[in-house]
Amino acid sequence: VQLQASGGGLVQAGGSLRVSCAASGRTFSSYGMAWFRQAPGKEREFVAGITWSGSSTDYADSVKGRFTISRDNAKNTVYLQMNNLKPEDTAVYYCAADLGRRVRVRPLEDEYDYWGQGTQVTVSS
C-alpha cells in the first residue's frame, strides 16, 4: 500500500484548506484511514479518522467542529477539509491506513500499518 498526501500550503488564520491522500491498491475500501499531524518540536498526534465502511468518524478535541474527514472509495482517496484554521494547526499532516476492518476509529499510531510522506500546512496569524 502506498499513500500520497497532497494539498498542503500556506493559509491565513480563519481560512480553509483541503488535504488529500491517494492510496494504491484495489482494496482501499477495506482500509480504515486517519490523519495525524506533527508540529515542530512536538510529538505526532491524531487529528481525525474514518472507518473502512465510512460509518464512523472520530476527531481530536482540538479540531472538532472545524475539520471533516471523508473518503471516496471510487477514487481511492481520503480527504481532510480544514476550516477556520488557526496558527496552532501548523504542522506536517500525515495520512495513515489501517488494514484491519475495525468498527471504530483507532487514535493510536501503532494501530496503523502504512503511512504517507506528509504534507506541510502553515497557518499565518
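Asker: Help me understand the nonpolar core, please; the structure alone is not making it clear to me.
Answerer: One broad trend across soluble globular proteins is that nonpolar side chains are buried collectively. Core analysis: the biggest nonpolar cluster contains 30 residues, and Met33, Trp35, Leu80, Met82 and Tyr93 have the highest contact counts within it. Breaking this core down by element, the ones donating at least two residues are strand E1 (3-6), strand E3 (17-23), strand E4 (32-38), strand E5 (45-50), strand E7 (67-72), strand E8 (77-82), strand E9 (91-98) and strand E11 (119-124). When neighbours within four sequence positions are excluded, Tyr93 is seen to be in contact with Trp35, Phe36, Arg37, Val47, Phe67, Leu80, Met82, Gly118, Thr119 and Val121.

Asker: Sorry if this is basic, but what is going on with the pairing of E3 here?
Answerer: Within a regular beta strand, the side chains point alternately toward one face of the sheet and then the other, so they alternate between its two faces. Of all seven residues that make up E3, five are buried, and the element is covered over most of its length. Bridging between E1 and E3 involves four bridges; their strand directions are antiparallel. Across the sheet, Gln4 pairs through a bridge with Ala22, a residue of E3. Here six bridges tie E3 to E8, and the two strands are oriented antiparallel to one another. In the sheet register, Val19 faces E8, and the bridge partner there is Leu80.

Asker: Sorry, what's going on with the pattern of salt bridges here?
Answerer: One side chain can pair with another of opposite charge once the charged atoms of both are near each other. Evaluation of the coordinates by the stated rule reveals seven salt bridges. Among the ionic pairs, Asp98 bridges to Arg102, the shortest N-O distance being 2.7 Å. A salt bridge links Arg102 to Glu111; the nearest nitrogen and oxygen atoms lie 3.4 Å apart. With a relative accessible area of 22%, Glu111 lands in the partly exposed category. Bridged by salt links that share partners, the residues Arg37, Glu45, Arg66 and Asp89 form one connected network.

Procedures and definitions
- Residues numbered from 1 in each chain as written.
- Predicted model: local features only at pLDDT ≥ 70, side-chain atom pairs only at ≥ 80, totals over all residues.
- Heavy atoms only, no water.
- Core = buried A, V, L, I, M, F, W, Y, C linked by side-chain atoms within 4.5 Å.
- Buried < 20%, exposed > 50% of the residue type's maximum accessible area, 1.4 Å probe, protein only.
- Helix = DSSP H or I, 4+ residues; strand = E, 2+ residues; numbered from the N terminus.
- Contact = heavy atoms within 4.5 Å.
- Pairing = 2+ DSSP bridges.
- Salt bridge = Lys/Arg side-chain N within 4 Å of Asp/Glu carboxyl O.

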